[in-house]
Amino acid sequence: MKYDKFLGFGLALALMCPSLPGISFAAETGKSQTIVRCGEQPSVQGSEKFFTGRARITPLYPAANGMRSSGGSVTFEPGARSNWHVHPVGQVLIVTDGVGRTQEWGGPVREIRAGDVIICPAGVKHWHGASPATAMTHISVCEENEPGRVVDWMEAVTDEQYAGK
Ligand code: MN
């Protein structure tokens, strides 16, 4: 049996990667623990519709069995960043490697480093990505406000915005 809610996870990823084929986890549901094995889910390239530069997304876990959060790991190559976006129920970013940048609309560009945790409230327009010279990896945890919907994408971050000008 497969998680049918994993389809929602696939949809969430599809928002980042529209070319991504349907995702399903071959994991059991029910009252016992699930171990999602490293390597079960292929990494995918972030769509240029939603990212500038190269971003690699590795699914970690879907919203399923009544849990509304899902998680994924994203690695941004130097200079790469997301588009501006909002999360309808907010987002937690845990930086696991490297040095990156994030910015709220109207605020300064702020450096983020491995070990930092960024808590973004619902509806706050922002972006995140690598620093110009160093890659950055973060784990992203988002909750859904409806099945599969964890992010609303907006315009690209310009080079001037990325540079903090
Ligand atoms: Mn975000």
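### Observations regarding the coordination of the manganese ion
- In the first shell of the manganese ion, the protein supplies H85 (NE2), H87 (NE2), Q91 (OE1), H126 (NE2) and H128 (NE2), at 2.1 to 2.2 Å from the metal.
- We note that the donor set of the manganese ion lies within a single chain, spaced as H-x1-H-x3-Q-x34-H-x1-H. Take H85 and H87: they sit in the same class, and that class is buried.

### Brief notes about the pattern of salt bridges
- In total, this model carries 6 salt bridges according to the counting rule given.
- Of the charged contacts, one joins E111 and R113 as a salt bridge, the two residues approaching to 2.8 Å between their closest N and O atoms.
- Where salt bridges share partners, they join E146, R149 and D152 into one cluster.

### Quick word on the pairing of strand β7 (residues 91-104)
- One ladder, built from 4 bridges, connects β7 with strand β9 (residues 117-120); its direction is antiparallel. In the strand pairing of β9, Q91 is matched with C120.
- Bridging between β7 and strand β8 (residues 110-113) involves 4 bridges; their strand directions are antiparallel. When the bridges of β8 are listed, V99 appears paired with R113.
- Between β7 and β8, which follow one another and run antiparallel, lie 5 residues, and G106 among them has a positive phi close to 90°.
- Where β7 lies against strand β10 (residues 126-130), 5 bridges are found, and the strand directions are antiparallel. Pairing of T102 across the sheet is with H128, part of β10.

### So, a nonpolar patch on the surface
- Together, I94, V117 and I119 make up a nonpolar patch on the protein surface, roughly 280 Å² of accessible area in all.
- By the secondary structure assignment, I94 is in strand β7.

### So, the packing of aromatic side chains
- Enumeration according to the criterion identifies 5 aromatic pairs in this entry.
- Where F51 meets F76, the ring centres are 6.1 Å apart and the plane angle is 50°; that geometry is what we call tilted. Within this pair, whereas F51 is found in strand β2 (residues 51-52), its partner F76 is found in strand β4 (residues 69-76), the two being separated by 25 residues in sequence.
- Classification of F76 by relative accessible area gives buried; the value is 1%.
- Through pairs of rings, three or more aromatic residues link up here, namely F50, F51, F76 and W153.
- One cation-aromatic arrangement involves R81 over Y162; the distance from NZ or CZ to the ring centre is 4.5 Å.
- Sitting over the ring of W105, K125 keeps its end group 3.8 Å from the ring centre.

### Notes on the nonpolar core
- Core analysis: the biggest nonpolar cluster contains 18 residues, and F51, F76 and M136 have the highest contact counts within it.
- Taken together, the elements giving at least two residues each to this core come down to β3 (55-61), β4, β7 and β11 (136-143).

Criteria and thresholds
- Residues numbered from 1 in each chain as written.
- Predicted model: local features only at pLDDT ≥ 70, side-chain atom pairs only at ≥ 80, totals over all residues.
- Heavy atoms only, no water.
- Donors = N, O, S within 2.8 Å, 3.2 Å for Na, K, Ca; no water.
- Buried < 20%, exposed > 50% of the residue type's maximum accessible area, 1.4 Å probe, protein only.
- Salt bridge = Lys/Arg side-chain N within 4 Å of Asp/Glu carboxyl O.
- Pairing = 2+ DSSP bridges.
- Helix = DSSP H or I, 4+ residues; strand = E, 2+ residues; numbered from the N terminus.
- Patch = residues over 30% accessible without salt bridge, like charges linked within 9 Å, V, L, I, M, F, W, Y side chains within 5 Å.
- Areas by Shrake-Rupley, 256 points an atom, 1.4 Å probe, with all protein chains shown as cover.
- Phe/Tyr/Trp six-rings, centres within 6.5 Å; stacked < 30°, edge-to-face > 60°.
- Lys NZ or Arg CZ within 6 Å of the ring centre and 35° of its normal.
- Core = buried A, V, L, I, M, F, W, Y, C linked by side-chain atoms within 4.5 Å.

Distances and angles like these do not, on their own, reveal function.
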